[in-house]
Amino acid sequence: MQRFEHYDWPFFEERHRRLASEADAWIRANAVDEEEPDSTCRALVRKLGAARLLDHCVSAAPDVRSIALLREVFAYHHGLADFAFAMQGLGSGPIVLAGTEAQKKAWLPKAARGEAIAAFALSEPEAGSDVAASSSVARKENGVWRITGTKTWISNGGIADFYVTFARTDEGLSAFIVEAPEADASERIDLIAPHPMSTVKFRDARGELLGEAGQGFKLAMRNLDVFRTTVAGAALGFARRALDEALARAKDRRMFGGRLADLQITQAKLADMATGIESAALLTYKSAWKKDTTELRTTRDSAMAKMQATETAQSVVDAAVQIFGGLGVTRGQMVERLYREVRALRIYEGATEVQKVVIARQLLR
Ligand SMILES: Cc1cc2nc3c(=O)[nH]c(=O)nc-3n(C[C@H](O)[C@H](O)[C@H](O)COP(=O)(O)OP(=O)(O)OC[C@H]3O[C@@H](n4cnc5c(N)ncnc54)[C@H](O)[C@@H]3O)c2cc1C
């Protein structure tokens, strides 16, 4: 069902089109059990590694177009596949950006092969949008860094092999790598679209400083700057799937002596959905292309892409549920799953309001 017309856009090269087709074939051939998120994610990470697909997000020179395209393809089929893929990149990104040679050697090959599961632990119960309010602390004892604090909403919490986390030192917020046995990730969080997630507690946890002390905030933001545009890619995948489902249903459903698709109000909905997706995709792939091919800053572009694509995906999925009628709110329907899946995208990696602040700040500079 998936259409590839937009892959002809000038933002892409032949390798991107090939990659998207390969990933589409790969995900179709690999079943995803949505009921068992932890074991499914572990298996998916291993399989994505074996297929060398994780090389695209665990990379010394990440190509944002490739990551965004892969996320779009995976999200079209399975939210968990997108999640497993993206988290390996988000969790290992700070090591790519600031790790020593020894830290890179210790974690990146394993993360790329799917042999070590990564997590990015920044948010805290009292510091979500307001990252600067973080209260975790790190102190050096006999040459060893010890971290104490609580991180929450941690994707891959409980199944991760290592956490890149952030804690306050004398110099400011600093980044650390903490191995899983040092973290207590037993407090699980159940989401409306189940993913492996927990609150992670560090109590005098042994960690390795990542990058320079005091540079943690900048490092976290540089990492998000790469991955924010790719959240937009995932949103596009969910939205395209919702549109395809809605088109099929509108053509099949008989009513008032014809088809649901024959009614002009339905046609207007479909037109709005398709136009919204196209606009969001243009912003997304323009942002990715700019990051990949220029030295220019993409803070504003990635914020616009993330905001527009996630907000559009929400309204497209909602319209698809409406087109399905009662069936749309029935457990097990694809549009019902998309409805649960897409909601968190407007909150994580900077809520829509935070993206607006970022965009306005850039405009007013
Ligand atoms: C599914 C999911 C996965 C996640 N994965 C991770 C992860 O792997 N690692 C990690 O560290 N964190 C993760 N998070 C946490 C996520 O980044 C935070 O939820 C997010 O930053 C918002 O923080 P908060 O939940 O504390 O909400 P709050 O900070 O309390 O914000 C609440 C709301 O306030 C509004 N708001 C925010 N700023 C402004 C403003 N300037 N003006 C007006 N309104 C504003 C927004 O609507 C926001 O949703 C995840 C969250 C979810 C839901």
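Residues numbered from 1 in each chain as written. Predicted model: local features only at pLDDT ≥ 70, side-chain atom pairs only at ≥ 80, totals over all residues. Heavy atoms only, no water.

A separate point is the domain arrangement of the protein chain. What the domain assignment lists for the protein chain is domain 1 (5–113), domain 2 (118–214) and domain 3 (218–364). Contacts between domain 2 and domain 3 engage 11 residues on the former and nine residues on the latter. Carbon and sulfur atoms supply 73% of the area buried between domain 2 and domain 3, which totals about 710 Å² over both sides. If you sort the residues of domain 2 by the area they bury against domain 3, F120, I192 and A193 come out on top, with a joint share of 51%. Counting the contacts that link domain 2 with domain 3 gives zero salt bridges. The interface formed by domain 2 and domain 3 contains two residue pairs in polar contact (both at pLDDT 80 or more). Here the side of domain 2 that touches domain 3 is built from residues that sort into nine nonpolar, two polar and no charged. (Domains from an automatic or database assignment. Contact = heavy atoms within 4.5 Å. Buried area = accessible area lost by both parts, 1.4 Å probe. Salt bridge = Lys/Arg side-chain N within 4 Å of Asp/Glu carboxyl O. Polar contact = N/O pair within 3.5 Å; in protein donor to acceptor, adjacent residues only side chain to side chain. Nonpolar A, V, L, I, M, F, W, Y, C, P; charged D, E, K, R; others polar.)

Here helix α7 (residues 264–293) spans 43 Å end to end across 30 residues, near enough to the 44 Å set by a 1.5 Å rise per residue. Residues T266, L270, M273, G276, I277, A280, A281, T284, Y285, S287, A288 and K290 constitute the buried set of α7. Buried residues along α7 sit against α3 (64–77), α6 (216–252) and α8 (299–324). (Helix = DSSP H or I, 4+ residues; strand = E, 2+ residues; numbered from the N terminus. Expected span 1.5 Å × (residues − 1). Buried < 20%, exposed > 50% of the residue type's maximum accessible area, 1.4 Å probe, protein only.)

Another aspect to go through is the site of the ligand. Neighbouring residues of the ligand: 19 residues in total, closest F120, S123, S129, W153 and E353. Contact distances for the ligand include 2.9 Å between an oxygen atom and a backbone N or O atom of L122. Taking W153, its main chain carries an N or O atom lying 3.0 Å from a nitrogen atom of the ligand. Considered on its own, the ligand offers 970 Å² of accessible surface; in the complex 66% of this is hidden by protein. Among the elements of the structure, β1 (118–121), β3 (144–155) and α10 (352–364) are those that each provide at least two residues to the shell around the ligand. (Near = heavy atom within 4 Å. Areas by Shrake-Rupley, 256 points an atom, 1.4 Å probe, with all protein chains shown as cover.)

What follows is about the side chain of D301. Mapping D301 onto the fold places it in helix α8. Exposure remark for D301: the relative accessible area of 9% places this residue in the buried category. Of the polar contacts made by the side chain of D301, one reaches the side chain of K290; its length is 3.1 Å. Non-local contacts of D301, meaning those with residues more than four positions away in its chain, are made with K286, S287 and K290.

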